[in-house]
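Here is what each chain is made of, one letter per residue.
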Amino acid sequence: AGRVYALTDGGRWQMRERLYTLEGTVGDGYIKINQSCLIRRDKIARFRTTLGGALEVVLKNGYTDYVSRRQLKSVKERLGI
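Thresholds applied
- Residues numbered from 1 in each chain as written.
- Predicted model: local features only at pLDDT ≥ 70, side-chain atom pairs only at ≥ 80, totals over all residues.
- Heavy atoms only, no water.
- Helix = DSSP H or I, 4+ residues; strand = E, 2+ residues; numbered from the N terminus.
- Rg over C-alpha atoms; globule rule 2.2 N^0.38 Å.
- Buried < 20%, exposed > 50% of the residue type's maximum accessible area, 1.4 Å probe, protein only.
- Areas by Shrake-Rupley, 256 points an atom, 1.4 Å probe, with all protein chains shown as cover.
- Lys, Arg positive; Asp, Glu negative; His and termini not counted.
- Charge placed at Lys NZ, Arg CZ, Asp CG, Glu CD.
- Polar contact = N/O pair within 3.5 Å; in protein donor to acceptor, adjacent residues only side chain to side chain.
- Pairing = 2+ DSSP bridges.
- Axes fitted to C-alpha atoms, helices over the stretch in contact; angles between N-to-C directions.

*Asks:* When you look at the overall build of the protein chain in this model, what are you seeing that I'm missing?
*Replies:* Secondary structure summary: the protein chain contains 2 helices and 7 strands in total. If you list the helices and strands of the protein chain from N to C, you get β-β-α-β-β-β-β-β-α. The C-alpha atoms of the protein chain give 13 Å as radius of gyration, which agrees with the globular expectation for 81 residues (12 Å, within 12%). Overall size of the protein chain, expressed as C-alpha extent along the three principal axes, is 35 × 25 × 25 Å. The proportion of buried residues among the 81 residues of the protein chain is 23%. For the protein chain, the computed accessible surface area is about 6100 Å², with 48% contributed by carbon and sulfur atoms. The centroid of the 16 positive side-chain charges in the protein chain is displaced by 4 Å from the centroid of its 8 negative side-chain charges.

*Asks:* What am I meant to see in the environment of Asp42 here?
*Replies:* Mapped onto the secondary structure, Asp42 falls in the loop between strand 4 (37-40) and strand 5 (44-49). Judged by its relative accessible area of 44%, Asp42 falls in the partly exposed class. Linking Asp42 and Leu59, residues 17 residues apart in sequence, is a C-alpha distance of 9.0 Å. Separated by 2.7 Å, the side chains of Asp42 and Arg40 make a polar contact.

*Asks:* Just checking my understanding: could you explain the sheet that holds strand 7 (residues 64-67) for this structure?
*Replies:* Each strand in a sheet pairs with another by means of backbone hydrogen bonds, the pair being arranged parallel or else antiparallel. The strand order across the open sheet formed by 3 strands is 5-6-7, and the pairing between neighbours is antiparallel. The two strands at the open ends of the sheet, each matched to only one other strand, are strand 5 and strand 7. Neighbouring strand axes in the sheet, compared pairwise and without regard to direction, differ in orientation by 30° on average. Pairing analysis gives 5 bridges linking strand 5 to strand 6 (residues 55-59), with the strands arranged antiparallel. In the sheet register, Ile44 faces strand 6, and the bridge partner there is Leu59.

*Asks:* How should I be thinking about the pairing of strand 2 (residues 11-15) in this particular structure?
*Replies:* Moving residue by residue along a regular strand, the side chains alternate between the two faces of the sheet. Here 5 bridges tie strand 1 (residues 4-8) to strand 2, and the two strands are oriented antiparallel to one another. When the bridges of strand 2 are listed, Thr8 appears paired with Gly11. Counted between consecutive antiparallel strands, the loop separating strand 1 from strand 2 contains 2 residues.

Structure, rendered in structure tokens:
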């Protein structure tokens, strides 16, 4: 627990920085979708809504994760949805 990983086209890398530190340094090309995940905007393949009303993001590499309710408004604003 408490470990931060970066998933890239080249593999999975453990990061030394904390997620909140990375969030401040990566720039506008990244979006925080939940408490433990930053994603690159250009890697988003699509969004899906679940039966429970949650928003799921699917990346081009097949990775899926959920947008938290806390981040939903921010994600929609950043993407112009």
